[in-house]
Amino acid sequence: MIFFDAVSKMYPDGTVAVDNLSLNAPNGKLTVLVGPSGCGKTTSMRMINRLIAPSSGTISLDGVDTQSMNAVQLRRKIGYVIQNAGLFPHRTIVDNVAALPRLLGGSRKQTRMHAMELLEHVGLDSSFASRYPWQLSGGQQQRVGVARALATDPPYLLMDEPFSAVDPIVRAQLQDEFLRLQADISKTIVLVTHDVDEALKLGDQVAVLRTGGTLAQVASPADLLAHPTDAFVADFVGSARGYRALGFVNTDDSIPVTPEQTVTLGQHTSTIGRTPSRWILAVNAVNQPVGWVDVELIAGDIISASDLNLSGTVTSAAGSVRDLLNSALASPSSRAVMIDSAGALRGTVTLHDIVSAIGQAKEARPNS
Amino acid sequence: MTVDWIWSNLPRITELTLNHIGLTVIPTILGLIVALPLGWWAHRSRRSYPAIVGAASLLYTVPSLALFVILPQILGTRILDPINVVVALTVYTISLLVRVVADGLNSVPHETVQAADAMGYRAWQRLVLVELPNAIPVIAAGLRIAVVSNVSILTMAALLGIPQLGTLFTQGFQLRLYVPLVTGILLCVALAIAFDSLIVWLGRLLTPWRQKTVTA
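Since we're looking at a predicted model, the values are computed, not measured.

Cut-off values and rules
- Residues numbered from 1 in each chain as written.
- Chains lettered and ligands numbered in written order.
- Predicted model: local features only at pLDDT ≥ 70, side-chain atom pairs only at ≥ 80, totals over all residues.
- Heavy atoms only, no water.
- Helix = DSSP H or I, 4+ residues; strand = E, 2+ residues; numbered from the N terminus.
- Buried < 20%, exposed > 50% of the residue type's maximum accessible area, 1.4 Å probe, protein only.
- Contact = heavy atoms within 4.5 Å.
- Domains from an automatic or database assignment.
- pLDDT = per-residue confidence, 0-100.
- Buried area = accessible area lost by both parts, 1.4 Å probe.
- Polar contact = N/O pair within 3.5 Å; in protein donor to acceptor, adjacent residues only side chain to side chain.
- Nonpolar A, V, L, I, M, F, W, Y, C, P; charged D, E, K, R; others polar.
- Pairing = 2+ DSSP bridges.
- Phe/Tyr/Trp six-rings, centres within 6.5 Å; stacked < 30°, edge-to-face > 60°.
- Lys NZ or Arg CZ within 6 Å of the ring centre and 35° of its normal.
- Expected span 1.5 Å × (residues − 1).
- Arc of directions from axis to C-beta.
- Axes fitted to C-alpha atoms, helices over the stretch in contact; angles between N-to-C directions.
- Salt bridge = Lys/Arg side-chain N within 4 Å of Asp/Glu carboxyl O.

A word on the overall build of chain A. Within chain A, the regular secondary structure consists of twelve helices and 17 strands. A principal-axis box enclosing the C-alpha atoms of chain A has dimensions of 80 × 55 × 30 Å. Taking all 368 residues of chain A together, the buried fraction comes to 47%. The contacts of chain A with a sequence gap of at least 6 include a subset with a gap of at least 24, amounting to 60%.

Attention now moves to the domain arrangement of chain A. Domain annotation for chain A reports domain 1 (2-238) and domain 2 (262-362). Of note, the centres of domain 1 of chain A and domain 2 of chain A, computed from C-alpha atoms alone, are 41 Å apart.

Overall, the predicted model of chain B reaches an average pLDDT of 91, with 97% of residues at or above 70. By mean pLDDT, the top-scoring element of chain B is helix 7 (residues 123-154) of chain B (96), and the lowest-scoring one is helix 1 (residues 2-8) of chain B (81).

Another aspect to go through is the interface of chain B and chain A. Chain B puts 22 residues into the contact, and the matching count from chain A is 24 residues. Here chain B meets chain A over a buried area of about 2100 Å², counting both sides, of which 60% is carbon and sulfur. Considering only the side of chain B, the residues that lose the most area to chain A are B:A118, B:M119 and B:W209, jointly responsible for 30% of the buried surface there. Across the chain B-chain A interface, the total number found is seven residue pairs in polar contact (both at pLDDT 80 or more). Elements with a minimum of two residues in the side of chain B that touches chain A: helix 6 (110-119) and helix 7 of chain B. In terms of residue count, helix 6 of chain B provides more of the side of chain B that touches chain A than any other element does, eight residues in total. Tallied by class, the residues present in the side of chain B that touches chain A amount to eleven nonpolar, six polar and five charged.

Residues and elements named next belong to chain A. Counted residue by residue, strand 12 (residues 279-283) has five buried out of five residues, so it is predominantly covered. Burial along strand 12 is two-sided: the residues W279, L281 and V283 and I280 and A282 are all buried. In this sheet, strand 12 lies alongside strand 11 (residues 262-264) in parallel orientation, the contact comprising three bridges. Its bridge partner lying in strand 12, V263 is registered against A282. Note: strand 12 against strand 13 (residues 289-294), five bridges, orientation antiparallel.

Moving on, we get to the packing of aromatic side chains. The final tally for this structure, using the stated rule, is four aromatic pairs over all chains. Measuring from ring centre to ring centre gives 6.1 Å for A:F232 and A:F236, while their planes differ by 20°; the resulting arrangement is stacked. On the criterion of helical spacing, the pair formed by A:F232 and A:F236 is a turn pair, its members being four residues apart in helix 9 (residues 231-237). Overall, the relative accessible area of 18% leaves A:F236 in the buried class. For the ring pair B:Y60 and B:Y92, a centre distance of 5.4 Å and an interplane angle of 75° mean the geometry is edge-to-face. Separated by 32 residues along the polypeptide, B:Y60 in the loop between helix 3 (49-59) and helix 4 (64-75) and B:Y92 in helix 5 (residues 82-106) bring together distant segments of the chain. With a relative accessible area of 33%, B:Y60 lands in the partly exposed category. It is A:R148 that lies over the ring of A:F88; its NZ or CZ is 5.0 Å from the centre.

Let's shift gears to helix 4 (residues 108-121) of chain A. All names here are of chain A. Compared with the 20 Å implied by 1.5 Å per residue over 14 residues, the 20 Å span of helix 4 between its first and last C-alpha is a close match. For helix 4, the set of buried residues is T111, A115, L118 and L119. On an axial view of helix 4, the arc spanned by its buried residues comes to 100°, and they lie on one face. Along helix 4, the residues that are exposed and aim more than 90 degrees away from the buried face are K109, Q110 and E120. Considering only its buried residues, helix 4 is in contact with helix 3 (93-103) and helix 5 (138-149).

A few words now on the sheet that holds strand 4 (residues 56-61) of chain A. Residue and element names in this part refer to chain A. If you walk across this open sheet you meet the four strands as 2-1-4-5, and the pairing is antiparallel. A strand with exactly one partner marks an edge of an open sheet, and here the two such strands are strand 2 (16-25) and strand 5 (64-65). Where strand 1 (residues 2-10) meets strand 4, five bridges bridge the pair, whose relative direction is antiparallel. Across the sheet, I2 pairs through a bridge with L61, a residue of strand 4. Against the sheet, helix 1 (residues 41-48) contacts strand 1, strand 2 and strand 4, and its axis sits at roughly 120° relative to strand 1.

Moving on to the pattern of salt bridges. Residues and elements named next belong to chain A. Under the counting rule described, the total for this entry stands at 13 salt bridges over all chains. Residue K187 is joined to D153 by a salt bridge in which the shortest nitrogen-to-oxygen separation is 2.5 Å. Of the two residues, K187 is situated in the loop between helix 6 (168-185) and strand 8 (188-193) and D153 in the loop between helix 5 and strand 7 (156-160); the sequence distance between them amounts to 34 residues. Using a relative accessible area of 7% as the deciding quantity, one classes K187 as buried. Notably, a salt bridge pairs D230 with R210, separated by 2.9 Å at the nearest N-O pair. Linking D230 in the loop between helix 8 (221-226) and helix 9 with R210 in strand 9 (residues 205-210), this pair joins segments that are 20 residues apart in sequence. Classification of D230 by relative accessible area gives partly exposed; the value is 25%. Look at R210 and you get partly exposed, because its relative accessible area is 25%.

It is worth spelling out helix 8 (residues 166-175) of chain B at this point. Among all positions in helix 8 of chain B, only B:G166, B:T167, B:L168 and B:G172 are buried. At the C-terminal side of helix 8 of chain B, B:R176 shows a positive phi close to 55°.

The next thing to look at is the environment of A:L297. All names here are of chain A. Within the secondary structure layout, L297 lies in the loop between strand 13 and strand 14 (308-309). You can call L297 exposed: its relative accessible area is 60%. The spatial distance from the C-alpha of L297 to the C-alpha of R278 is 9.1 Å, given a sequence separation of 19 residues. When neighbours within four sequence positions are excluded, L297 is seen to be in contact with R278 and D307.

So this is what it looks like as structure tokens:
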């Protein structure tokens with residue numbers, strides 16, 4: 001548990017970076033500090049491992065005041081991941097990961113072996129191990145940064161804009177993988193970002209800070225979207241918050257899934273028969289959806305790959321209402337395609353049914 | 001005549017060359033050893049950087065001949081003592097390298113230094129294991145200039161009668177002979193190139209992590 005008790009940071013020129021911050025980052029959870037630039041989120045994070053000293057107030061780790069600890073010993077208990085990774089340019093990838101264990105007296109062989117395991121854990125092929133940082137892409141460097149932070153298996157992890165310097169596709173990938181990793185290792189994490197989408201996606205709890213370094217609200221992502229405490233938070237989480245909030249509602253049995261008539265690629269058009277609408281779903285040999293076919297526009301007698309409309313998306317039965325709604329909106333037939341965990345078709349849900357389910361759910365919980 | 005002179009003076013030329021090598025290498029290494037902490041100090045404190053680097057640079061403006069003459073009085077050595085030359089060239093090396101070391105340490109990426117701090121490196125561990133290795137390219141570049149400059153300045157010591165390749169210049173001048181003059185110049189150039197290449201090679205050996213596209 002990382003506990004901020006009335007922590008302030010004031011610089012000699014009078015600038016207040018952090019103003020009377022009290023916050024609890026529970027064990028095993030990911031706490032996100034988010035806010036506009038100048039809100040003191042990075043300053044707050046750096047006070048945890050004493051890269052910056054607080055002007056007043058105390059920060060404690062599992063009840064122990066960090067000021068009473070030796071700064072070097074404190075930092076060795078806290079993994080640190082920064083934007084652009086901050087790898088050591090003169091060390092190979094494996095030696096970057098092994099650097100701290102080695103410094104703490106581990107043998108070269110042992111630390112390297114452990115480093116190789118960690119690299120595999122963050123999804124990096126062992127062929128990268130003997131390369132130097134400049135030979136890796138930004139996303140790959142960031143994975144190394146995460147592996148390095150975990151090298152001594154510290155109970156705490158600080159992450160400063162860890163996924164900001166990579167392109168959106170890689171960022172989404174890194175975020176998903178990191179969430180899977182965290183589900184596995186359950187570290188106590190404080191992550192700083194300016195990106196509210198990232199905060200809502202990654203955080204178990206999200207602390208919104210406002211310019212001037214005061215805490216505006218701390219809540220779970222769903223709560224933050226449903227009950228923003230004031231206009232600043234409401235504005236900060238964005239005008240799309242109604243739609244975003246659906247991302248935290250799981251699909252349940254209240255939404256009717258209907259079986260869908262399907263065709264397969266290579267099938268003769270004469271065998272299709274009557275269809276309820278002009279759009280029919282095509283599946284592969286193991287019943288996985290591959291795209292929609294417009295029965296009125298099939299070129300030739302055989303359904304081929306060129307007849308497929310690929311604009312639709314699929315959603316997993318375990319997904320959120322937002323995924324389901326998105327699938328229906330993207331589909332040319334306005335029907336969301338639901339798959340099971342093996343990727344096989346379960347059925348479809350009409351846009352109308354999704355919207356009325358959302359409406360009913362809101363009526364049942366008028367506050368949200 | 002040319003070849004004859006070289007041939008008959010070969011032992012002497014060899015001795016002068018070896019002296020020249022020794023009197024270049026020793027001050028260069030001593031200078032680097034002194035410049036490292038001074039440069040680190042200038043790098044550490046932004047406020048003292050201009051003073052330290054400025055004072056060091058100023059030393060280079062002292063004429064070498066004057067330094068050769070003054071040093072025996074300061075050090076209490078005899079005027080013909082090679083120590084005077086070693087000290088003088090060490091001073092010039094320090095003068096060139098303090099800025100180089102400071103700038104080399106400043107060139108280490110900020111994130112790298114911050115990462116080392118956050119990981120729990122002690123200050124000296126960070127300096128030795130992270131900052132200095134990354135400053136090698138800049139320091140090596142400065143060292144190349146220092147060593148070549150030392151090869152050249154050292155020849156001035158011939159005016160004091162300290163034997164090295166510069167001796168061939170004074171000798172050639174006194175005897176009105178071109179051969180010793182030209183031989184001395186060529187050997188000096190060859191030595192400068194050799195030292196320069198040696199440092200380039202050493203620098204590459206110590207920095208296998210650098211992008212190969214950078215050519216020295």
